[in-house]
Protein chains: 2
Amino acid sequence: MSISERKKKILGALVDEYIKTAEPVGSKAIASISGLGCSSATIRNELAELTALGYLEQPHTSAGRIPTPAGYRMYVNELMEKQKLSLEEAEDINRRLNEKLTQLDEQMRDVGKLASQLTDYPALALAAYAPATIKRFDLIYIDANTFIIVVMLSNNTVKNKLVNLPVSVDQQMIQKLATLFNANFTGISSDKITPLLISSTERAAGDTMGLAAVIASFTMETLESQQGVEAYITGENRLLSQPEFRDPDKAHKLMNYLSDGGHIIADAENGLFDDESEVRVLIGPENIAEELKDSSVVIASYDMGDNTKGLIGVVGPTRMDYSAVAAKLSFLAAGLSKRLGAGAAPPSGMHNKLIIKGDDIIDEQ
Amino acid sequence: MSISERKKKILGALVDEYIKTAEPVGSKAIASISGLGCSSATIRNELAELTALGYLEQPHTSAGRIPTPAGYRMYVNELMEKQKLSLEEAEDINRRLNEKLTQLDEQMRDVGKLASQLTDYPALALAAYAPATIKRFDLIYIDANTFIIVVMLSNNTVKNKLVNLPVSVDQQMIQKLATLFNANFTGISSDKITPLLISSTERAAGDTMGLAAVIASFTMETLESQQGVEAYITGENRLLSQPEFRDPDKAHKLMNYLSDGGHIIADAENGLFDDESEVRVLIGPENIAEELKDSSVVIASYDMGDNTKGLIGVVGPTRMDYSAVAAKLSFLAAGLSKRLGAGAAPPSGMHNKLIIKGDDIIDEQ
DNA sequence: ATTAGCACTCGAAGGCTAAGAGTGCCAACA
DNA sequence: TGTTGGCACTCTTAGCCTTCGAGTGCTAAT
């Protein structure tokens, strides 16, 4: 079902204006800003039809119109000008990204923070880790009561743990255990680590102190923490600057929902990771979660490398500046993919300050 | 300046009631709940005097009284019944603590979250790390382009980093570097790591690829991230359930302040870490930060071991349930000190589920 | 010193009105 | 047929007034 060109222009102008002001928009306002050379009466007729079609609604009879979710959807799909970032904005993002590439989990938090700062909405950062296995064990002998476990995972992250023992061990035992673990515990998933396997390793090493159990339990912990979905939310406080959240109850409800990343994860698993499109917009009732039914979510996905997929998104009122938000997230995601993704230069200690400049994203004027 | 016993009882009853209801308390209400056998008129006289003394104030002439900061201060110092936790509450906290002892930084977040959940106020977790040095380097050779740096710090934390090289190295070089770093980079603070030291190490190792620089820069990063003060804030959203923050502007201001941990740190450095008392209460204007002038902060400090001090606190309206909050934080801090502090069993992979049961904290009825 | 009584104050809540914004519709017009 | 000016109508918002009630401070009696 398509609508006339003029209706589209009117709808577009109305949404733009509403995004700016957060106030219902009247026919006169549209007449003056839309640039169509027609009077407010004409606009009124059009508005009446757009309302009948379900794109607009009136809070009450004598107020202006505001977009319905269907109206926003139309706006996002067809009307919205794909906004491009200015060169300064793009450079700013690049600069900040280059500062921030550290640990993976730290990173997610940082990236979320960055998204939130850029858009002035609360941001969520999700990562879906593919199940990993251990690639390699090292045990570093420190002294008779202390050693360090270092494991390298199939996704190239490295984890360690300092172990303090109430009893003493010798370096040989540590060495033997390292060899055994490298032989028996690499390449397997955490559910393959059975009590049987552990006890047989203990016996093989001549370990009577439960060392193998300690190492095995750290291994399982590590493997388990590496798979599944993780979520960070930042900048919840920015919600409060939005007029639609002046009602403390509304704000409270949404913030409660957001503050527990677990909910997001549960919802995310229902399909958020499936779709491959670059930036997705979920408007109001399109969201699965009850608490988000009158908010909107904009999400961009990126490749974190090692079969891991990241999502970076923001949450805001349905009256959201979709165009600006989508542009920023898209650029951010592209930057992250290039830096982390499969095709990227391997993460290294060297400084690699590649500057990303996709012409489709940056406005080079 | 001391006040009569009866005035104290009245003040105490009033504060209790106000904490419960968040509404100004009138003379009649006090007469009926205080248990003093006197009429509301008598109470009124006393209230007038308490008001003159600066402990109470009236929002307007014909409303009941609410406590001033001075009133709360008096309440906290002298009147408040030191609340004890029930056995269930104590056990609940212990159980949760035992689940949560993981990485130090992770831990702080978790502990903050726990405090926030327990008290239903936003929580802040601060740690003041004593400057650390590197105790030991290990470099694990993986393949020609990859090795892992593992450093053990003087405070017994272990950090690692996977390094991917664009060029290839042999195992000998790695070994040589490890030896050199153990000789030259252990026991020194990060400002001792000079370009000169790095270049001389490079020369000594015959390293022409800047490997030493990579390792050194990781070392500096690690050392720097280990000292200073760190802060996490959680549960900001809980503010919104407090009636005094129904005003979105007020809530927004405070949440903005809280959400940037940096501010807290700056303020914290002005003395928060000095005082040795177990639980401190900062009421309204007693706070340094402008943004906290009409909120209260309750803080408990604990020993994180290795010369590191932790603070765990909550932020809420001046009308805060000081007694309950203080009891919970105190118990939490004690539990953390026992688990982490100087006297604690060394952190180990073994499960050490000691149960803490200070009679001064738990109510054993 | 305590208490009952009473006049007084002041905010909260409800009802009313006026102002203003925006609509829908109609009749006139191109 | 599409567009436009005009106009009556609707509905919200803000302001004002009144009423109601809670709680006070004061006074006089005990």
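Rules of the game
- Per chain, the residues get numbers from 1 upward, laid out in the order the sequence is written.
- As a convention, the first chain written is A and the first ligand written is 1, with the rest following in written order.
- With pLDDT at 70 or above as the cut-off, local features in this predicted model cover only qualifying residues; side-chain atom pairs require 80 or more to be listed or tallied, and sums for whole chains, interfaces and linings still use all residues.
- With hydrogens and water stripped out, all remaining heavy atoms of the structure feed into the side-chain values.
- Near is defined per residue: the residue qualifies when any heavy atom it owns lies within 4 Å of the molecule or strand.
- Counted as a polar contact is a pair of N or O atoms within 3.5 Å, where, for protein atoms, one must be capable of donating a hydrogen and the other of accepting one, and residues adjacent in sequence contribute only when both atoms are in side chains.
- Secondary structure is summarised from DSSP: a helix means a run of H or I of at least four residues, a strand means a run of E of at least two, and numbering begins at the N terminus for each.
- In this analysis, the expected span of each helix is defined as 1.5 Å times one less than the number of residues it contains.
- Throughout, exposure labels follow a simple rule: accessible area from a 1.4 Å probe, protein chains only, divided by the maximum for the residue type, with under 20% read as buried, over 50% as exposed, and the rest as partly exposed.
- Whether two residues are in contact is decided by their heavy atoms: any pair within 4.5 Å suffices.
- Put simply, buried area is the surface a 1.4 Å probe can reach on two separate parts but cannot reach once they are joined, added for both.
- Each reported salt bridge corresponds to a side-chain nitrogen of Lys or Arg within 4 Å of a carboxyl oxygen of Asp or Glu.
- In this analysis, strands are considered paired if DSSP registers two or more bridges between them.
- All axes here are fitted lines through C-alpha atoms, helices being fitted over the stretch that makes contact, and every angle between N-to-C directions spans 0 to 180 degrees.
- pLDDT is a residue-level measure of predictor confidence that goes from 0 to 100.
- By convention a nonpolar core is built from buried Ala, Val, Leu, Ile, Met, Phe, Trp, Tyr and Cys residues, the set being connected through side-chain atoms within 4.5 Å.
- Where each domain starts and ends comes from a domain assignment, either automatic or drawn from a database.
- Least-squares superposition aligns the copies on the C-alpha atoms of those residues with pLDDT at or above 70 in both.

## Digging into the protein's contact with DNA strand C
Around DNA strand C there are 21 residues in total, and Ser27 and Arg65 of chain A together with Thr42, Thr61 and Ser62 of chain B lie nearest to it. For DNA strand C, the backbone portion of the atoms within 4 Å of the protein, that is sugar and phosphate, comes to 75%. Arg44 of chain A is positioned such that a nitrogen or oxygen atom in its side chain is 3.1 Å from a base nitrogen of DNA strand C. Thr42 of chain B is positioned with one of its side-chain polar atoms (N or O) 2.4 Å from a phosphate oxygen of DNA strand C.

## Focus: helix H9 (residues 211-226) of chain B
One turn of an α-helix holds 3.6 residues; hence residues three or four places apart share an orientation. Residues and elements named next belong to chain B. The first and last C-alpha atoms of H9 sit 23 Å apart over 16 residues, in line with the 22 Å expected at 1.5 Å per residue. Along H9, the positions that sit buried rather than exposed are Leu211, Ala212, Val214, Ile215, Ala216, Phe218, Thr219, Thr222, Leu223 and Gln226. With its phi angle positive at about 90 degrees, Gly228 sits one or two positions after the end of H9.

## A word on the interface of chain A and chain B
With 39 residues of chain A at the contact, the number on the chain B side is 38 residues. Contact between chain A and chain B buries roughly 3,500 Å² in total, counting both sides, with carbon and sulfur atoms accounting for 61%. On the surface where chain A and chain B come into contact, there are two salt bridges. With a shortest N-O distance of 3.4 Å, Arg246 of chain A and Asp249 of chain B are connected by a salt bridge. Seen at the junction of chain A and chain B, the total is ten residue pairs in polar contact (both at pLDDT 80 or more). Of all elements in the fold, only helix H6 (104-119), strand S4 (134-143), strand S5 (146-153), strand S6 (158-164) and helix H10 (248-259) of chain A reach the threshold of two or more residues within the side of chain A that touches chain B.

## Considering the sheet that holds S5 of chain A
Residue and element names in this part refer to chain A. If you walk across this open sheet you meet the three strands as S4-S5-S6, and the pairing is antiparallel. Of all strands in the sheet, those bounded by a partner on one side alone are S4 and S6. Adjacent strand axes in the sheet meet at a mean angle of 15 degrees when their direction is disregarded. Sheet analysis places S4 next to S5, joined by eight bridges and oriented antiparallel. Residue pairing across strands places Leu139 opposite Ile149, the latter belonging to S5. Running at roughly 175 degrees to S4, helix H7 (residues 171-184) makes contact with S4 and S5 of the sheet. Here helix H9 (residues 211-226) sits on the sheet in contact with S4, S5 and S6, set at roughly 35 degrees to S5.

## A closer look at the pairing of S6 of chain A
Residue and element names in this part refer to chain A. Judged by how many residues are buried, S6 sits mostly within the fold: five of seven residues are covered. In the sheet, S5 pairs with S6 via seven bridges, with the strands oriented antiparallel. Residue pairing across strands places Met152 opposite Val158, the latter belonging to S6. Linking S5 to S6, which pair antiparallel, is a turn of four residues; within it Asn156 sits at a positive phi near 70 degrees.

## Some points on the confidence of the model for chain A
Residue-level pLDDT values for chain A average 86, and 88% of them are 70 or greater. Confidence over residues 345-365 of chain A falls short of pLDDT 50; this stretch has 45 contacts with residues more than four positions distant or in other chains.

## Structural notes on the environment of Ala48 of chain B
Secondary-structure assignment places Ala48 of chain B in helix H3 (residues 40-52). Along the backbone, Ala48 of chain B and Tyr129 of chain B are 81 residues apart, and their C-alpha atoms lie at a distance of 49 Å.

## Looking at the nonpolar core
Counting 57 residues, the largest nonpolar core has Ile312, Tyr322, Leu329 and Leu332 of chain A as the members making the most contacts within it. No other element matches the nine residues that helix H12 (residues 322-340) of chain A contributes to this core. Split by domain, this core shows at least three residues from each of two domains, domain 1 (5-79) and domain 2 (99-129 + 229-364) of chain A. Beyond its immediate sequence surroundings of up to four residues, Leu332 of chain A is in contact with Ile93, Leu97, Val111, Leu114, Ala115, Leu118 and Ile312 of chain A. One finds Leu50, Tyr55, Leu336 and Leu340 of chain B within the second-largest nonpolar core, a separate group that totals 56 residues.

## Structural notes on the sheet that holds strand S9 (residues 295-303) of chain B
Sheet strands pair by backbone hydrogen bonding; their relative direction is either parallel or antiparallel. Residues and elements named next belong to chain B. Taken together, five strands build an open sheet; the order of strands is S7-S3-S10-S9-S8 and the sheet is antiparallel. Unpaired on one side and paired on the other, strand S7 (228-234) and strand S8 (279-283) mark the two borders of the sheet. Strand after strand, the sheet turns through a mean of 20 degrees between neighbouring axes, direction not considered. Sheet topology note: the strand S3 (residues 123-129)/strand S10 (residues 309-317) ladder contains six bridges and is antiparallel. Its bridge partner being in S10, Ala127 is matched across the sheet by Gly310. The strands that helix H12 (residues 322-340) touches are S8, S9 and S10; relative to S9, the one it contacts most, it runs at about 20 degrees.

## Observations regarding the side chain of Thr219 of chain B
All names here are of chain B. Here Thr219 is to be found in helix H9. Given the relative accessible area of 0%, Thr219 is considered buried. Setting aside residues up to four positions removed in sequence, Thr219 forms contacts with Ile134, Phe137 and Ile193.

## Focus: the relation of the copies chain A and chain B
Expressed as a screw operation, the relation of chain A to chain B combines 0.1 Å of axial shift with a rotation of 180 degrees, fitting to an RMSD of 0.1 Å. Here the copies are linked by what is in effect a two-fold axis. Closest to the rotation axis within chain A is the C-alpha of Pro248 of chain A, separated from it by 3.2 Å. In this assembly the copies share their binding face: 97% of the residues contributing to the interface of chain A also contribute to that of chain B.

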